[in-house]
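Read off the chains here:
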Amino acid sequence: MSSREVSFLKQNGLDVEGIDREALLLAFEEEMNAGLAGQPSSLMMIPSFISIDKPVKTGTPVVVLDAGGTNLRAAVVKINASGKAEIGAFSKSVMPGTKGEIDAETFFSAFADFLMPIVAESDSIGFCFSYPAEVTPDCDARLIRWSKQIQVPSVVGKMIGSGLLRQLAQRGYMRRIVILNDTVATLLAGKSAGVSRDYSAYVGLILGTGTNTAYVERNDRITKRTDLDKTGSMVINIESGAFRRVQQSTFDKIMDAATNDCGHYSFEKMISGAYLGWLGYTVLTEAAKAGFFSATAAEKIMSWKMVSSKDLDDFCGASPEVDNPFLDAMFGEDDREAVIRLCTPVFERAAVLTAVNIASAILKTGEGKDPARPVCVNVDGSTYHRTRTAQFRNRVQQELQQMLLPRGIAYDLIRVDESPVIGAAVAGLM
Ligand code: BGC
C-alpha cells in the first residue's frame, strides 16, 4: 500500500497491524467477568434463562417471529424426529422503526398484524429479538436501549413480549411467548444441527447489520444473580457489540458523533454492516479534505450523504455492479485506487476485531482443550458470510487461528442457514 495512505490512516488511529490482539483478549475477559459479577462493565452479560439441555418437542408447530436489524420475518416451524427443522409459511417485511421514527403502539401492532396470517397455527411463539434486552425468568424481555439506529424511542424500558401479547389479545388470540436474542437462537441452532458431534461447548455469533455473541455459562459464575440453581448453566448474551475498551480512530469518533446513540456500541460501529460503509465514507471525506483525490472526485464524495456497506464492499472487493457510486465518471483511475487503499483497512480491521470477539467467547467457555471435543461456533450474518473485501472470512479465520492455536484450543466454525428462525423455534418448543 502507498505509504501516504498508510500514514494518513495511522496518524488518525486506524492501524490494522498495530492492533494489540492480546491486550484486547484480556480486556474482553475482564469486561465479561465484571459483567457476570454485576460490576461496571461495557459488557452486559445478559442471562437468557435458556439452558441448552432441555428436551425439544418434536412434530409440533411453533410460530416464529424474527425481528432483525433490517428485516422482520415470520414462519411456522416444526422440528422433526431426527432434529431437523421444517420451515413453512415463511414471510418477510421491513423491521418497524428502520424507516423513520414511530411510536410504541404502532411498533407492536406492526408485529401483531404481521403474525395474523399464521398466528392460529400454534399457541406458542418463539420470538427472536435482536436488540439488547433484559430477559425475565419467564422469558419476556425489557428493551434496555436500541442499537442499529432503530427509531422507536418510546419502546425503551418496555416489555417486548407483553407489548405484542396485548396486541394479539386485542385481535382475539391468547398466546405464550419465549423471547431470545438472535445470538442465543444461533447458538441453539448450532447445537441442534451439531447433535451428532461431540462438542464440548457452544458459541453463537452474529455479524450482520449488528454484531453480538452468546455462549453457555455455569450458573455459579453468574454471581450477579442470587436466584439461579447453582448446579445448572444457561446461555449468556454478551452484547459484545457494546464492548468499549477498544481504541477508536478519528474516523470512528466522527462517525459516532453522527449516530443517534453516540458513545454506545463502539465495537459494533467498527465491525458490522450498519456501519462499515458509513465508516468508509467518513475515511473518504476526511481523505478528500486532506487532498487525496482529484477535484472532481473530491467534489463527488463531499456531495454524498453516505456510502452503503454493500457498495463499498462490492467496489473494494472487485465486484462492483454497474451503478456502483465509485464507477461515476467523476472518479479517475487514481481516485479509484485511492478509495481501495483507504477503505480496505476498514474491512481488515473489522476482520481482526471479529476474530478477537470470537476468540474471547471461545476462551470464556473454558473448553476446547481436547481436540476430539472442539467448541462449536455457529456464525450467522450477512457481513460475515458475504463481505468480499480483504477476503474477509479467510482473514477472520487466519487471525482466529493465530490466537487459538498457540493456546491449544480446538474449535469448529459452522454455518446453519436460518439460524435465528430455527433457534427461536427450538426455544419455543423447549
Ligand atoms: C444488538 C444485539 C444483537 C446484534 C446482532 C446488536 O445491535 O444489540 O442484541 O444480537 O446486534 O443482531
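Higher on the page you've got the structure.
Residues numbered from 1 in each chain as written. Predicted model: local features only at pLDDT ≥ 70, side-chain atom pairs only at ≥ 80, totals over all residues. Heavy atoms only, no water.

Caption draft 1: Up close: the site of the ligand. Around the ligand, a shell composed of 15 residues is seen, among which Ser147, Asn181, Asp182, Glu239 and Glu268 lie nearest. Between the ligand and Ser147, the relevant distance is 2.6 Å, taken from an oxygen atom to a side-chain nitrogen or oxygen of the residue. Within the side chain of Tyr265, an N or O atom sits 3.5 Å from an oxygen atom of the ligand. Contact with the protein chains hides 98% of the accessible area of the ligand, taken as 310 Å² for the molecule alone. (Near = heavy atom within 4 Å. Polar contact = N/O pair within 3.5 Å; in protein donor to acceptor, adjacent residues only side chain to side chain. Areas by Shrake-Rupley, 256 points an atom, 1.4 Å probe, with all protein chains shown as cover.)

Caption draft 2: Expanded view of the environment of Leu24. Looking at where Leu24 falls in the secondary structure, it is placed in helix H2 (residues 21–37). Residue classification places Leu24 among the buried residues on the basis of a relative accessible area of 9%. Placed 222 residues apart in sequence, Leu24 and Val246 show a C-alpha to C-alpha distance of 7.2 Å. Setting aside its immediate chain neighbours within four residues, Leu24 contacts Ile19, Phe243, Arg245, Val246, Leu353 and Val356. (Helix = DSSP H or I, 4+ residues; strand = E, 2+ residues; numbered from the N terminus. Buried < 20%, exposed > 50% of the residue type's maximum accessible area, 1.4 Å probe, protein only. Contact = heavy atoms within 4.5 Å.)

Caption draft 3: Up close: the nonpolar core. Of all hydrophobic cores here, the largest spans 143 residues; its most connected members are Phe111, Phe127, Phe129, Trp146 and Phe293. Excluding anything up to four places from it in sequence, Phe127 contacts Leu65, Ala67, Phe111, Ile160, Leu164, Ile177, Val178, Ile179, Leu180 and Ala424. (Core = buried A, V, L, I, M, F, W, Y, C linked by side-chain atoms within 4.5 Å.)

Caption draft 4: Fine view of the pattern of salt bridges. Within the structure shown, the criterion is met by 27 salt bridges. The shortest N-O distance in the salt bridge between Arg245 and Glu31 comes to 3.3 Å. Separated by 214 residues along the polypeptide, Arg245 in the loop between strand E11 (233–237) and helix H6 (250–258) and Glu31 in helix H2 bring together distant segments of the chain. Look at Glu31 and you get buried, because its relative accessible area is 10%. Salt-bridge contacts for Glu399 lead to Arg395; the nearest nitrogen and oxygen are separated by 3.2 Å. With Glu399 and Arg395 both in helix H13 (residues 392–404) and 4 residues apart, this pair spans about one turn of that helix. With respect to class, Glu399 is no different from Arg395; both count as buried. The structure contains a network of salt bridges with shared partners spanning Glu17, Arg21, Arg395 and Glu399. (Salt bridge = Lys/Arg side-chain N within 4 Å of Asp/Glu carboxyl O.)

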